[in-house]
Amino acid sequence: MKILVTPRSMTKPGLDAVAELQPLRDAGYELVSIAPGKLPGKDELLNVVGSVHGWIAGVEPIDADVLAAAGLLRVISRNGVGSESIDTDAAQRLGIEVRVARGANSRGVAELAFGLILSGLREIPAADRVLRGGGWERQLGREIADATVGIVGYGAIGRMLAQFCAALGATVLTYDPFSSPEPGSAVEAVTLDELFSRADVISLHTPPAADGTALVTAGLLATVQRGSILVNTARSALVDADAVTAALNDGRLSAYAVDAFDTEPPTLTSLLTHERTILTPHLGGYTDASTRRATQLAVENLLATIESSRNN
């Protein structure tokens, strides 16, 4: 029985170099991969999925055509927390279970968001560009202890980021209709409108709406304090790109830091090339510890599901 492995963090070094995959070999499965270090395309997937029983998947799109061609496939196990790149309705119709590695990369994403917050407050990328160009220009920075940080989404990542910010003296607000701070917590739960109007820094850690409607709109951005910072390590669909660009142009936002894109690599739009946009290439969960945890959990989920299906 074959297991397809497509996450770039595993195919780039070669599957033999990924120790966390060993339980699959020990269980007698043959591991196969395609497009080492790259997102596999649809044609590449169609050429191989017909012979695999399990799939450890990355962020590559997996549509109904690919799933229909995977006649032996029983489970797709993501090495991350999202499944929006998979046609889950088609998977359900075909009896293919979709599993995610929930919580595996929370610390990595929270640490990156925290780093981007500090980069925005101290304008580190802009200072680097000026010096590399032969100039000498200093911008008066802000300390996080003087900032109010608003966190949209209070799941595992949002909670960890709140701890980091509060530990350095920031005032922390959160909005999440499904999760609240613990009684006695220093984190204050507020409405979305209140969070945008009060926060100096806004960090997004929530999934996008099912209908694709942006959460961060021109209306919300009209309420932010001048010079605010917006950080998006979650999903590109959360923001109205034109509205964020306008807010950067008129100074309502002093920085937009983003680690999430529609495509990888992204098309360089006017927002992404803006001088006050800070770009990172989907680094959130790309740490040695996060990738180890994500791989371990993806393997555990796959084995549990495929072994259960074999016994039924």
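Residues numbered from 1 in each chain as written. Predicted model: local features only at pLDDT ≥ 70, side-chain atom pairs only at ≥ 80, totals over all residues. Heavy atoms only, no water.

The name recorded for the chain in an unreviewed UniProt entry is Phosphoglycerate dehydrogenase-like enzyme, from Lysinibacter cavernae. The UniProt entry for the chain carries the following text under Sequence similarities (unreviewed entry): "Belongs to the D-isomer specific 2-hydroxyacid dehydrogenase family." (UniProt positions renumbered as here; feature names shortened; annotations may be inferred.)

Undergrad: If you had to explain the UniProt feature "domain: D-isomer specific 2-hydroxyacid dehydrogenase NAD-binding" (unreviewed entry) in the chain to someone new, which residues and values would you point to?
TA: The residues that UniProt annotates with the feature "domain: D-isomer specific 2-hydroxyacid dehydrogenase NAD-binding" (unreviewed entry) are residues 114–284. Within residues 114–284, the helical portion is 29% and the strand portion 18%, while the C-alpha atoms at the span's ends are 11 Å from each other. (Helix = DSSP H or I, 4+ residues; strand = E, 2+ residues; numbered from the N terminus.)

Undergrad: So what's going on with the pairing of strand E6 (residues 148–152)? Residues and values would help.
TA: Here E6 lies mainly inside the structure; five of its five residues are buried. Residues Thr148, Gly150 and Val152 point to one face of E6 and Val149 and Ile151 to the other, with burial holding for every one of them. Inspection of the sheet shows E6 paired to strand E7 (residues 171–175) by five bridges, in the parallel sense. Paired with Val152 across the bridge in E7 is Tyr175. As a crossover connection, the stretch from E6 through helix H8 (residues 156–167) into E7 is right-handed. (Buried < 20%, exposed > 50% of the residue type's maximum accessible area, 1.4 Å probe, protein only. Pairing = 2+ DSSP bridges. Right-handed = clockwise from strand over helix to strand, strands pointing away.)

Undergrad: Outline the domain arrangement of the chain, listing residues and values.
TA: Split by domain assignment, the chain resolves into domain 1 (2–100 + 288–311) and domain 2 (105–279). Each of domain 1 and domain 2 has a C-alpha centre, and the two are 32 Å apart. With eight residues of domain 1 in contact, the opposing surface of domain 2 contributes five residues. Counting the surface lost from both domain 1 and domain 2, the interface buries some 510 Å², and carbon and sulfur atoms represent 39% of this. When the area that domain 1 buries against domain 2 is broken down by residue, the three leading residues are Val81, Glu84 and Ser290, summing to 52%. One salt bridge in this structure joins Glu264 and Arg8, with 2.6 Å as the shortest N-O distance. (Domains from an automatic or database assignment. Contact = heavy atoms within 4.5 Å. Buried area = accessible area lost by both parts, 1.4 Å probe. Salt bridge = Lys/Arg side-chain N within 4 Å of Asp/Glu carboxyl O.)

Undergrad: Could you give me a rundown of the packing of aromatic side chains, with the residues and numbers involved?
TA: By the definition in use, this model includes one aromatic pair. Consider the rings of Phe114 and Phe164, whose centres lie 5.8 Å apart with planes at 65 degrees: the pair is edge-to-face. You can see Phe114 sitting in helix H6 (residues 106–122) and its partner Phe164 sitting in helix H8, a full 50 residues away along the chain. (Phe/Tyr/Trp six-rings, centres within 6.5 Å; stacked < 30°, edge-to-face > 60°.)

Undergrad: If you had to explain the sheet that holds strand E3 (residues 54–57) to someone new, which residues and values would you point to?
TA: Spatial ordering of the open sheet is given by E2-E1-E3-E4-E5, a layout of five strands whose pairing is parallel. The open sheet terminates on both sides in strands that have one partner only, identified here as strand E2 (30–32) and strand E5 (97–99). Averaged over all neighbouring strand pairs, the angle between strand axes comes to 20 degrees, with direction disregarded. (Axes fitted to C-alpha atoms, helices over the stretch in contact; angles between N-to-C directions.)

Undergrad: How would you summarise the pattern of salt bridges if you had to cite specific residues and measurements?
TA: One pass over the structure, following the stated rule, counts twelve salt bridges. The residue Arg198 makes a salt bridge to Glu188 at a minimum N-O spacing of 3.3 Å. With a gap of ten residues between them, Arg198 in helix H9 (residues 192–198) and Glu188 in strand E8 (residues 188–189) connect regions that are remote in the sequence. Residue Arg198 is classed as partly exposed on the basis of its relative accessible area of 31%. Glu188 gets classed as partly exposed once you look at its relative accessible area, which sits at 35%. Between Glu194 and Arg198 there is a salt bridge, and its shortest N-O distance comes to 2.8 Å. Remark: Arg198 and Glu194 occur in helix H9; sequence separation between them is four residues, near one turn of the helix. A cluster of three or more residues bridged by salt bridges with shared partners is formed by Lys42, Asp63 and Asp65.

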